[in-house]
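Observations on the model geometry
Residues per chain, in single letters:
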Amino acid sequence: MLQTGRRAGILLAGLALALTACSSHGGKKAQESANDTGAGKANTPRMKIAMVTHQAPGDTFWDIVRKGAEAAAAKDNVQLVYSNDPDGDKQATLVQNAIDSKVDGIAVTLSHPDAMAGTVRKASGGGIPVVVLNAGVDAWQKVGALEFFGSDESLAGESAGKRLSTEGAKHVLCVLHEQGSVSLEARCGGLAKTFSGKTDKVYVQGTNMPSVRSTIAAKLKQDKSIDRVVALGAPFALTALQSVKDAGSPAKIAAFDMNPAMVKAVQDGTVEWAVDQQPYLQGYLAVDSLWLYKTNGNVLGGGQATPTGPYFVDKTNVAAVAQYASRGTR
């Protein structure tokens with residue numbers, strides 16, 4: 001779906017950023033300091049927006065999403081109420097809490113769409129505008145959401161598989177840190193679809209890093225033919241580096257998603273590359289789009305998802321990303 005609408009989606013995302021800048025007042029510069037990506041301040045009435053994600057404890061990816069959401073909220077005169085739970089049923093309860101508190105809009109992830117669908121439909125059907133970010137590219141329209149901001153994870157996985165094939169990899173271990181996540185399954189599935197060699201999957205307990213380390217190490221010791229480990233989150237890729245050492249394996253590491261430590265790992269070559277889905281942009285656009293809808297009736301994407309990735313970060317371009325990662329926005 002995203003392949004046909006990618007250019008239009010990216011252009012619309014850019015137009016949204018430009019429009020929100022023009023909607024502010026006071027003549028402030030778009031960037032007032034090294035740590036401020038704000039674009040002035042809206043003079044529209046105060047509104048409350050809930051963001052409900054499937055963030056697990058300790059997953060630094062979501063710090064970047066939240067930072068983008070907070071930047072948009074500060075610009076748009078929005079009270080942002082953030083909550084999270086990796087369990088789909090509990091996340092649905094958080095959405096219900098947002099409905100009960102009569103928020104003006106809801107931004108939500110659909111990592112477990114079956115558990116979330118009923119409650120999200122209740123919100124959208126009850127007059128609360130809903131947008132989906134990060135997870136749920138195949139489900140957002142079914143639950144009545146206005147827009148989706150994120151990466152097509154099947155496409156991202158396919159891109160990674162093609163790259164690994166070009167690099168001459170023969171046997172890839174795909175590490176999934178959250179069982180039942182449709183996004184993670186799509187990444188591994190896409191990778192296996194286009195990779196010319198053998199692909200194995202291993203499920204790890206993402207909230208327990210010592211267990212992640214030992215589980216990956218055990219798999220590498222068991223099968224010495226594995227020459228690539230692809231972790232589906234930055235913290236897990238960095239832990240996999242220790243697993244490789246523990247197992248005495250020659251396997252190289254690649255990853256999905258970014259954080260400041262991942263940038264350094266790509267810079268020093270300990271991680272080959274990372275597939276970035278630009279989480280700051282996801283958080284920013286989710287909040288900003290709800291503000292645009294509430295204040296001006298705007299809807300982005302023309303019925304298509306707005307892609308924020310995939311974008312490969314490797315030694316050829318990591319220097320350009322590093323300056324932004326240092327302030328927690330990449």
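Read on for an overview of the structure. Please read these numbers as outputs of a predicted model, since none were measured by experiment. (Residues numbered from 1 in each chain as written. Predicted model: local features only at pLDDT ≥ 70, side-chain atom pairs only at ≥ 80, totals over all residues. Heavy atoms only, no water.)

What to know about the pairing of strand β2 (residues 78-84)
A regular strand carries its side chains on alternate faces of the sheet. Stated precisely, the cut-off is as follows: Two strands pair if DSSP finds at least two bridges between them. Runs of E in the DSSP output that reach at least two residues are strands. Runs of H or I that reach at least four are helices, and both are numbered from the N terminus. Look down the strands so they point away from you; if going from the first strand over the helix to the second traces a clockwise path, that crossover is right-handed.
One ladder, built from seven bridges, connects strand β1 (residues 47-53) with β2; its direction is parallel. The residue bridging Ala 50 from the neighbouring strand is Val 81, located in β2. Assessed by its sense of winding, the connection that carries the chain from β1 through helix α2 (residues 61-76) to β2 is right-handed.

Re the packing of helix α9 (residues 260-268) against helix α11 (residues 318-325)
How we decide: For helices, the fitted axis covers only the stretch in contact; all axes are lines through C-alpha atoms, and the angles between them, taken along N-to-C directions, range from 0 to 180 degrees. Any angle that falls under 35 degrees is termed roughly parallel, while one over 145 is termed roughly antiparallel, one within 65 to 115 roughly perpendicular, and all others oblique. Handedness of a crossing follows from how the near helix is turned relative to the far one, being left-handed for an anticlockwise turn of less than a right angle and right-handed for a clockwise one. We call two residues in contact when some of their heavy atoms are within 4.5 Å.
For the pair α9 and α11, the least separation of the axes is 10 Å and the interaxial angle reads 155°. Overall, the two elements α9 and α11 adopt an arrangement that is roughly antiparallel. For α9 against α11, the interelement crossing comes out left-handed. Contacts between α9 and α11 involve Pro 260, Val 263, Val 266 and Gln 267 from the former and Val 318, Val 321, Ala 322 and Ala 325 from the latter.

Some points on helix α5 (residues 153-166)
How we decide: Helix span, as expected, comes to 1.5 Å for every residue beyond the first. Classification of residues uses two cut-offs on accessible area relative to the type maximum, computed with a 1.4 Å probe and protein chains only: under 20% is buried, over 50% is exposed, and between them is partly exposed. Throughout this description, a polar contact denotes any pair of N or O atoms lying within 3.5 Å of each other; where both atoms belong to protein, one of them has to be capable of donating a hydrogen while the other can accept it, and for residues adjacent in sequence the pair is counted only when both atoms sit in side chains.
The end-to-end C-alpha distance of α5, which contains 14 residues, comes to 20 Å, matching closely the 20 Å that a straight helix rising 1.5 Å per residue would cover. Looking only at α5, the buried set comprises Glu 153, Leu 155, Ala 156, Gly 157, Glu 158, Ala 160, Gly 161 and Leu 164. For α5, the N-terminal cap is Asp 152; the gap from its side-chain oxygen to the backbone nitrogen of Ser 154 is 3.1 Å. Immediately beyond the C-terminal end of α5, within one or two residues, lies Gly 168, with a positive phi of roughly 90°.

Topic: the pattern of salt bridges
Applied cut-off: Between Lys or Arg on one side and Asp or Glu on the other, a salt bridge is scored when a side-chain nitrogen of the former is within 4 Å of a carboxyl oxygen of the latter.
Tallied over the full model, the rule gives 11 salt bridges. Among the salt bridges present, the one from Lys 193 reaches Glu 158, with a minimum N-O distance of 3.5 Å. Remark: Glu 158 occurs in helix α5 and Lys 193 occurs in helix α6 (residues 182-194); sequence separation between them is 35 residues. For Glu 158, a relative accessible area of 18% translates into the label buried. With a closest N to O distance of 3.1 Å, Glu 167 and Arg 163 form a salt bridge.

Topic: the packing of helix α7 (residues 209-222) against helix α8 (residues 234-247)
Here is the rule we go by: Think of it as three bins: nonpolar holds Ala, Val, Leu, Ile, Met, Phe, Trp, Tyr, Cys and Pro, charged holds Asp, Glu, Lys and Arg, and polar takes everything else, Gly as well.
One can describe the packing of α7 onto α8 by two numbers: an axis separation of 8 Å at closest approach and a directional angle of 50°. Compared by their axis directions, α7 and α8 come out oblique. In this structure, α7 crosses over α8, and the sense of that crossing is right-handed. Note on element contacts: α8 touches α7 through Pro 235, Phe 236, Thr 239, Ala 240, Gln 242, Ser 243, Val 244, Asp 246 and Ala 247, opposite Met 209, Val 212, Arg 213, Ile 216, Ala 217, Leu 220 and Lys 221. Here the residues of the contact of α7 with α8 sort into 10 nonpolar, three polar and three charged.

What about the packing of aromatic side chains?
We apply this condition: Note on aromatic pairs: the rings of Phe, Tyr and Trp (six-membered ring only in Trp) are paired at centre separations within 6.5 Å, and the planes decide the class, stacked below 30 degrees, edge-to-face beyond 60, tilted for the rest.
Per the stated rule, a full pass over the model turns up three aromatic pairs. Measuring from ring centre to ring centre gives 5.1 Å for Phe 61 and Trp 62, while their planes differ by 80°; the resulting arrangement is edge-to-face. The class for Phe 61 is buried, based on a relative accessible area of 5%. Between Trp 273 and Phe 312, the ring centres sit 5.2 Å apart and the planes meet at 75°, which makes this aromatic pair edge-to-face. Taken together, the residues span a long stretch of sequence, with Trp 273 in the loop between α9 and β10 (274-276) and Phe 312 in strand β12 (residues 311-313) at a distance of 39 residues.

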